[in-house]
Structures are given as C-alpha cells and as structure tokens.
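Structural description and commentary
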Amino acid sequence: MQYRDVMNVSRSLAAPAHELRLKGSDLERIQFLTRNFRVLQGLRIKVPVGLALIAMGVPELLGTHSNGAFLALALSSSLVKADVYYRRRFGEVLRPDRRPLTATRAWALFAAIAFVGGIVAWLIAVHHNGRPIYVLCGVALIWRWFETGRSPYLYYYPLFGALVLAMAAPNATFGYLLPAMRNLGTGCIFAGAVTVLIGLLDHRQLVVGMPQPPQTAEDNEDGEDTEATAEAT
Amino acid sequence: MTPTPFEQLAQLDRLVHDPTRLAILTALSVCEKADFLFLQRITGLTKGNLSSHLSKLEAAGLIEIEKRFVDKKTQTLASLTGAGREAIHDHWQAMESAHKSAARWHPGKLVPAPST
C-alpha cells in the first residue's frame, strides 16, 4: 500500500501532542470513505430494498397476497428519510464524476432498469423459482464491488455475491442439498436478507470510520458550522 | 550530490505535510467538494480546530471555501484549487522519492558538526 509505506518514512515529522496523529492506514481510510461515501450509505437504498424483497417473499412463501402499494410507499419514504439522516449526521460529498441527470440519461436509466426487470419478471413467470432473483442479486453485488475499484474494505460484496450466485447453481438449490431454496419466496427472503446485511455492514463502515467528533465549548448547540468563518488562530 | 532522505523530508512543505491538513487535502483530492461536517467527522477534529486549518489552507490558495444555504442553515463546502491539487501531487511525489531514498540509504562517514 503506497500511502502506508510513505507515511512510515515520515514518522520523524510527527505531529505535536494536541494535533491529529496520522498513520498511513488513516489516509487510506479517509480516501476510501470519501470516494465511496454514497455507496456506504447502506440505510439509504440497500436496507429498504432488502426489506422490500423480504416483504415480497414472505407472502409468496405463505401463499397469501402482498400489498404492493404499501410497500412502494414505505420504500420511498424510508429512502428520503435515510438521505436526510446521512446528510445531517455525516455531511455531504460531491464527486467529480457526478454528472447531472439529463432527460436522455434518465430515459436510458429507465430503459435499462425496465429491460433487466422485464427479463427477471419473465424468467420468474416462466420458471416460478428463486433462481433469477439469486442471479440478479449476486451479479449486482459483484458488479458493485468492481465499480468501487475492488476495494479490500468491501470484501463482503464479492463474498456474499458469490454465495448468492452459488444458490442459482443447479446442484445447490434445485438438487437435494437445499431443496427449499428453489422456492421463489425463499429466494426473495434470502436475497433480501443478504441485501439488508450488506447495507448494515456498509453503514457500520461509516459509523466506525467517521466517529462523532469531540464537542467543545466553542461548538454551538444546533450543529451549524458557523465556526467555519472564524479567523485562523 | 543526491540529497539524503532526511534532507528530502526536511524540504517538504510543512503546510501540506502537517497530518491534519494532509488528511483534509487527501479527502478533498478524491472528491469535487466536501462539506464542513464531513471533514469534521472524517478527521475527528473540533469545529474550531478544523476551521483554523481550513483558513490556513484557504489563505495559502490550496482550497476554496464556498457557502450556501441548505434548509435555512449555512453549509460550508471546501474544494481543492488547481494549486492545491498540484501541491498534494507534488507532496506525494516527494514522499515517494524520500521513501525510495530511505530504502537505498546507508549511513556514511559522520561529519562532525562545526564548532562554534
């Protein structure tokens, strides 16, 4: 690791006792958290989507009807609330590669989601088992890991991605080993549980990596950053 | 004559090499902008301390501070300037060079300090 090696050389220029003491791994952590700040907001998308999958899987397993409108409402409201929570608790980062959502991009995104969703829905309708859900979830997790630059901090993405993909293998779910896993309801519940777990692990990375800063008398009560305008000491 | 690793380290820009400011610049180097709260959480500094370091970096022209209102509250955003990006890039280059020199360095004949 480049920064760790380099920082080991510079220990002779250590900070005074009252200042921040850095190790090379701290700079790696800072880079990782800043670069993947949106990805690590696990409560924002992954946990609600995972819970929605579980909520869809349970009625399927029990043979009852699910309330789709209620699910959609709960999902959208939790997305908004989680967004506000992260902004107020951890702040905000703008990425350089963040492009504005133009009409063309929005349509392309919608078309891609509709296409993949259509294929998965068709596969579910034809086979009526959990295999399409496993494949979609596993591929999404592994693709996300590649997208984040295969960060070792996100080791659980390929781990769980491979586990979920393995469930789609004929001998795993459709054979005699785990016959119950072939069910569509079980597939939704399993994929949902994995998604929720990944969301919680992501969230934990933020909580552990960005601890609450020390409060001093100079800090105001409502958390506003009016001190930012203060003159340099 | 090639400078020793110690001389190379001594030539580093203290403004950038300070661990706190290096942490701030490292965070800003991988994003477009970051707000005050994010920088505070990621460095673990108090508001006053972070504010002081941001002011120093801004005065040196390494970062830009932008203020805007979000939900009737002031949000302070910091971003690296072109000079800031160059400074942190040069800093890592110098550190890598010092690291390589340190790996090759062997203590030679010690020269006594001149008597005063």
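Residues numbered from 1 in each chain as written. Chains lettered and ligands numbered in written order. Predicted model: local features only at pLDDT ≥ 70, side-chain atom pairs only at ≥ 80, totals over all residues. Heavy atoms only, no water.

**Notes on the overall build of chain B**
Along its length, chain B carries six helices and three strands. In chain B, the succession of helices and strands from N to C terminus is α-α-α-β-α-α-β-β-α. Counting all 116 residues of chain B, 48% fall into the buried class. For chain B, the share of sequence-separated contacts (at least 6 apart) that also reach a separation of at least 24 residues comes to 55%. Carbon and sulfur atoms make up 56% of the accessible area of chain B, which totals about 6000 Å². (Helix = DSSP H or I, 4+ residues; strand = E, 2+ residues; numbered from the N terminus. Buried < 20%, exposed > 50% of the residue type's maximum accessible area, 1.4 Å probe, protein only. Contact = heavy atoms within 4.5 Å. Areas by Shrake-Rupley, 256 points an atom, 1.4 Å probe, with all protein chains shown as cover.)

**With respect to the pairing of strand E3 (residues 73–80) of chain B**
Residue and element names in this part refer to chain B. Most of E3 sits inside the fold, with six of its eight residues counted as buried. Direction of pairing for strand E1 (residues 33–35) relative to E3: antiparallel, over a ladder of two bridges. Pairing of Asp35 across the sheet is with Leu77, part of E3. Here strand E2 (residues 63–70) runs beside E3; their pairing, made up of eight bridges, is antiparallel. Its bridge partner being in E3, Lys67 is matched across the sheet by Thr76. Here E2 hands over to E3 after two residues, with Asp71 in that stretch at a positive phi of 55°. (Pairing = 2+ DSSP bridges.)

**Notes on the packing of helix H3 (residues 46–62) of chain A against helix H9 (residues 184–209) of chain A**
All names here are of chain A. One way to put it is that H3 packs onto H9 with a least axis distance of 7 Å and a crossing angle of 160°. In terms of orientation, H3 and H9 fall into the roughly antiparallel class. Relative to H9, H3 is oriented so that their crossing is left-handed. The residue inventory of the contact of H3 with H9, partitioned by class, reads 14 nonpolar, seven polar and three charged. (Axes fitted to C-alpha atoms, helices over the stretch in contact; angles between N-to-C directions. Parallel < 35°, antiparallel > 145°, perpendicular 65-115°, else oblique. Left-handed = near helix turned anticlockwise from the far one by under 90°. Nonpolar A, V, L, I, M, F, W, Y, C, P; charged D, E, K, R; others polar.)

**Brief notes about the nonpolar core**
If you look at the biggest cluster of nonpolar residues, it comprises 59 residues, and the most contacted ones within it are Tyr157, Leu206 and Met210 of chain A together with Leu25, Leu28, Phe38 and Leu39 of chain B. With residues up to four places along the chain from it excluded, the contact list for Tyr157 of chain A reads Val39, Lys46, Leu141, Arg144, Trp145, Ile198 and Asp202 of chain A. (Core = buried A, V, L, I, M, F, W, Y, C linked by side-chain atoms within 4.5 Å.)

**Brief notes about the confidence of the model for chain B**
Residue and element names in this part refer to chain B. Per-residue confidence for chain B gives a mean pLDDT of 83; residues scoring 70 or more make up 84%. The element-level mean pLDDT for chain B is lowest in helix H1 (residues 5–10), coming to 68, with E1 highest at 93. At the level of chain-chain contacts, confidence expressed as ipTM amounts to 0.80, with global pTM at 0.76. (pLDDT = per-residue confidence, 0-100.)

**Focus on the pattern of salt bridges**
All names here are of chain A. All told, the structure shown has five salt bridges over all chains when counted by the stated rule. The salt bridge involving Lys46 is made with Asp202; its shortest N-O contact spans 2.8 Å. Pair noted here: Lys46 is in helix H3 and Asp202 is in helix H9, with a separation of 156 residues, a long-range link. Here Lys46 and Asp202 have matching classes, each one buried. Arg144 serves as the salt-bridge partner of Glu147, at 2.1 Å between the closest nitrogen and oxygen. Note that Glu147 and Arg144 are positioned in helix H6 (residues 131–147) at a spacing of three residues, about one turn of the helix. (Salt bridge = Lys/Arg side-chain N within 4 Å of Asp/Glu carboxyl O.)

**Concerning a nonpolar patch on the surface**
All names here are of chain A. Residues Ile45, Val49, Leu79 and Val80 make up a contiguous nonpolar surface patch of roughly 300 Å² in combined accessible area. Note that Ile45 resides in the loop between helix H2 (24–35) and H3. We classify Ile45 as partly exposed; its relative accessible area is 42%. (Patch = residues over 30% accessible without salt bridge, like charges linked within 9 Å, V, L, I, M, F, W, Y side chains within 5 Å.)

**Digging into the side chain of His91 of chain B**
Among the structural elements, His91 of chain B can be located in helix H6 (residues 82–104). Those residues in contact with His91 of chain B that lie beyond four places of it in its chain are Leu12, Val16, His17 and Leu22 of chain B.

**Points about the packing of helix H5 (residues 103–127) of chain A against H6 of chain A**
Residues and elements named next belong to chain A. Two numbers describe how H5 lies on H6: the axes approach to 8 Å, and their chain directions differ by 150°. With respect to H6, the element H5 is oriented roughly antiparallel. The segment H5 lies against H6, with Val116, Val120, Leu123 and Ile124 engaging Pro132, Ile133 and Leu136. Residue composition of the contact of H5 with H6, by class: seven nonpolar, no polar and no charged.

**Observations concerning helix H3 (residues 19–29) of chain B**
All names here are of chain B. By the criterion of burial, H3 is predominantly enclosed, with ten of the eleven residues buried. Buried residues of H3: Pro19, Thr20, Arg21, Leu22, Ala23, Ile24, Leu25, Thr26, Ala27 and Leu28, and no others. A side-chain oxygen of the first residue of H3 lies 3.0 Å from the backbone nitrogen of Thr20; this N-cap is Asp18. (Polar contact = N/O pair within 3.5 Å; in protein donor to acceptor, adjacent residues only side chain to side chain.)

**A short note on unusual backbone geometry**
Positioned with a positive phi, Arg150 of chain A is a non-glycine residue whose angle comes to about 50°. Its location among the elements puts Arg150 of chain A in the loop between H6 and helix H7 (156–168).

**Topic: the sheet that holds strand E1 (residues 93–94) of chain A**
Sheet strands associate in pairs through backbone hydrogen bonding, adopting either a parallel or an antiparallel arrangement. On the basis of which strands lie adjacent, the open sheet formed by four strands has the order E1(A)-E1(B)-E3(B)-E2(B) and antiparallel pairing. Pairing within the sheet leaves two strands with one partner each, and these edge strands are E1 of chain A together with E2 of chain B. Packing of H3 of chain B onto the sheet brings it into contact with E1, E2 and E3 of chain B, and relative to E3 of chain B it is tilted by some 85°. Seen against the sheet, helix H4 (residues 36–43) of chain B touches E1 of chain A together with E1 and E3 of chain B and runs at an angle of roughly 80° to E1 of chain B.

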